[in-house]
Amino acid sequence: MFDVQHSLSKNILFKEFTKIEINQFLVYSNYKTIDYQKNQVVALEGDPLTMIGLVLAGTLEIQKHYSSGKKVIIDKISTGDIFGEVSIFSSKNIFPSTITSITDSRIMFVKKNYFVKMCYKNKKFLQNLLQSLSEKILLLDNRLRFLASESIRQKISLYLLEEYRKNNTLRIRIDISREKMAEQFGITRPSLSREISRMKKEGIIQVDKNVILIKNLSCLEINL
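Described in the following lines is the structure provided in the data block. (Residues numbered from 1 in each chain as written. Predicted model: local features only at pLDDT ≥ 70, side-chain atom pairs only at ≥ 80, totals over all residues. Heavy atoms only, no water.)

With that settled, consider the environment of Ser132. Within the secondary structure, Ser132 is located in helix H4 (residues 123–147). A residue is classified by how much of its surface remains accessible, and Ser132, at 7% relative accessible area, is buried. Expressed as a C-alpha distance, the spacing of Ser132 and Leu8, which sit 124 residues apart in the sequence, is 15 Å. In contact with Ser132, other than residues within four places in its own chain, are Ile12, Ile82 and Glu85. (Helix = DSSP H or I, 4+ residues; strand = E, 2+ residues; numbered from the N terminus. Buried < 20%, exposed > 50% of the residue type's maximum accessible area, 1.4 Å probe, protein only. Contact = heavy atoms within 4.5 Å.)

Reading across from one edge, E2-E7-E4-E5 is the order of the four strands in this open sheet, with antiparallel pairing throughout. Every other strand in the sheet has two partners, leaving strand E2 (40–43) and strand E5 (71–78) as the edge strands with one partner each. The sheet shows a mean angle of 35° between the axes of neighbouring strands, direction not considered. The pairing of strand E4 (residues 59–65) with E5 spans seven bridges and is antiparallel. Following the sheet pairing, His65 is matched in E5 by Lys71. Where helix H6 (residues 178–185) meets the sheet, it contacts E4 and E5, and its direction lies at approximately 105° from that of E5. (Pairing = 2+ DSSP bridges. Axes fitted to C-alpha atoms, helices over the stretch in contact; angles between N-to-C directions.)

Let us now look at the pattern of salt bridges. According to the stated counting rule, one finds nine salt bridges in the structure shown. When the shortest N-O distance is used, the salt bridge between Asp35 and Arg106 registers 2.6 Å. Note that Asp35 is positioned in strand E1 (residues 32–36) and Arg106 in strand E8 (residues 105–111), a separation of 71 residues in sequence. Since its relative accessible area comes to 47%, Asp35 is described here as partly exposed. When its relative accessible area of 24% is taken as the criterion, Arg106 is described as partly exposed. Two residues, Arg153 and Glu202, come together in a salt bridge whose shortest N-O distance is 2.8 Å. Taken together, the residues Arg153 in helix H5 (residues 152–167) and Glu202 in the loop between helix H7 (189–201) and strand E10 (205–208) connect sequence positions 49 residues apart. A single network of salt bridges, built from pairs that share partners, joins Arg153, Glu195, Arg198 and Glu202. (Salt bridge = Lys/Arg side-chain N within 4 Å of Asp/Glu carboxyl O.)

This is the structure in structure tokens:
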């Protein structure tokens, strides 16, 4: 049997909450859960947003789609993450991006007005929500900087440097396909592959299947 309480205990909104407090939330929130299959759309950009989503299981992508057919991956969220919370105190009640389940997923939906009520009733909940929003703003700021990079080489260099700083290793494991990587960069897959090949020939990186070894760190930093 799926343990909803255990899943919620991993969510930033319920940091430092007791089991009793989480159970009270479950009793009074009038929540509902929906299961989504792999590649199923959870919400389309522009859809009405009246409920906040809490990811109980699985992984979702937040995407931007353009009339040209271009798709850019803004972020990935998984168990313990939330979506839609950026609109809690906004007058715009629509989803700003498309959300797609890229694995089988289970989502808990709670009405937006109940979240507002929780913010007034529970100081811990409000603090946790503000922390989540702050981290999301910082992430989006980094993402905008990444997308604003002028060249494909700059995008690749920034990505590798961020992974290097995050994991403190020159061996960068790429857990997504080249196609997904290109979507995150907002470029085409052939363009990405060509630039990676150039960087490999110049001795900046070494590529072995899904692992990229940074051979010239200073050169990556110069590219920025």
